[in-house]
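Given next are the chains, with one letter for each unit.
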Amino acid sequence: MVEPTQSRTAPAPMPPGPPRRYVARLVLAGALIVTGLVLVLTIGITRDDPEPEPPQPEFVVPQLKPPPGATAPRPALAAPEDRPKASDEAALDAWSKRITRIIQVPARVLAAYGRAEMWMRSDRPGCKLSWVTLAGIGRVESQHGHFNGAEVGADGRLTKPIVGPVLDGSPGVQAVRDTDGGRLDGDATWDHAVGPMQFLPATWQRWAARANGDGNPADPQNIDDSALTAARYLCSGGADLSTPDGWWGAVLTYNQSVAYGQEVFSGADAYAAANPPA
């Protein structure tokens, strides 16, 4: 068998170029340049980005149990000085934003407590009510307006009403017949405490005040109105709340329970300790 003829042509010559070791060096240098650019860009981005703030530790209120009349909560950094009708909202806003970072009470709620102190400083200067007492009450009564999933809106009104348990004389509960036809609490048979500062309807009707002065009726589900009404009620007895007897007398009038007064004292004193006088 005759074998097929095979081509014996020589391979084409290689085009001239750099040696292989030189090409490898170029590739390595290019890789290093790209890596350097990535590092520079990454470092630049990292330097431009603000460092995240470390999480704030939870603000803790120590449980204190002083005997009634033994002492008053320590004095605290006052709410901003202001004119008679608490019109300096910018100062109040700046103050509340500074304090909220320390004690973790929402700034909008702090503004309501501070505004009420400022009102009383003008209307009842002898009362010497501090915002920390209002904050102590708000903490116990409604978690500063956040009980049961409620929130405080920018306008001060709660996103859902806070209404206390029915006061029907059940074991451990006072019996209070309806006093307002259910207008505030929705119950025409028995009364309930209402709002973030938990007022009985009859007490609300007597002491309520509209904080922003717009001419509308005071609203117990508004933190500004509720805090101002609480301040008016606490100062109604004419006592000096910077004294032990004056403070305890006012708070126990708000709720006739020593354990309650001690809870309010604990909150007020802790807030004051975190915000000492300037």
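Just above, that's the structure.
Thresholds applied
- Residues numbered from 1 in each chain as written.
- Predicted model: local features only at pLDDT ≥ 70, side-chain atom pairs only at ≥ 80, totals over all residues.
- Heavy atoms only, no water.
- Helix = DSSP H or I, 4+ residues; strand = E, 2+ residues; numbered from the N terminus.
- Buried < 20%, exposed > 50% of the residue type's maximum accessible area, 1.4 Å probe, protein only.
- Contact = heavy atoms within 4.5 Å.
- Areas by Shrake-Rupley, 256 points an atom, 1.4 Å probe, with all protein chains shown as cover.
- Salt bridge = Lys/Arg side-chain N within 4 Å of Asp/Glu carboxyl O.

Visitor: Please give an account of the overall build of the protein chain that cites residues and values.
Guide: Counting secondary structure elements, the protein chain contains 8 helices and 0 strands. Secondary structure of the protein chain in N-to-C order comes out as α-α-α-α-α-α-α-α. When the 278 residues of the protein chain are sorted by exposure, 38% land in the buried category. Within the protein chain, residue pairs in contact and separated by at least 24 positions form 61% of the contacts whose partners lie at least 6 positions apart. Accessible area of the protein chain: about 16,300 Å², with a carbon and sulfur share of 58%.

Visitor: Please provide a residue-by-residue account of the pattern of salt bridges, values included.
Guide: Opposite charge on two side chains permits them to pair, given that their charged atoms come into close proximity. Following the criterion strictly, the structure yields 11 salt bridges and no others. Here Lys-128 ties to Asp-240 by a salt bridge, and the two come within 3.7 Å at their closest N and O atoms. On the criterion of sequence distance, the pair formed by Lys-128 in the loop between helix H3 (107-123) and helix H4 (131-142) and Asp-240 in the loop between helix H6 (223-234) and helix H7 (244-254) is long-range, its members being 112 residues apart. Owing to a relative accessible area of 23%, Asp-240 belongs among the partly exposed residues under this scheme. Among the charged side chains, a network of salt bridges with common partners joins Glu-89, Arg-108, Arg-115 and Asp-224.

Visitor: Please set out the environment of Ala-116 residue by residue, giving values where relevant.
Guide: Here Ala-116 lies in helix H3. C-alpha of Ala-116 to C-alpha of Ala-227: the two residues are 111 residues apart in sequence and 6.1 Å apart in space. Among residues more than four places away in sequence, those in contact with Ala-116 are Leu-134, Ala-227, Leu-228 and Ala-231.

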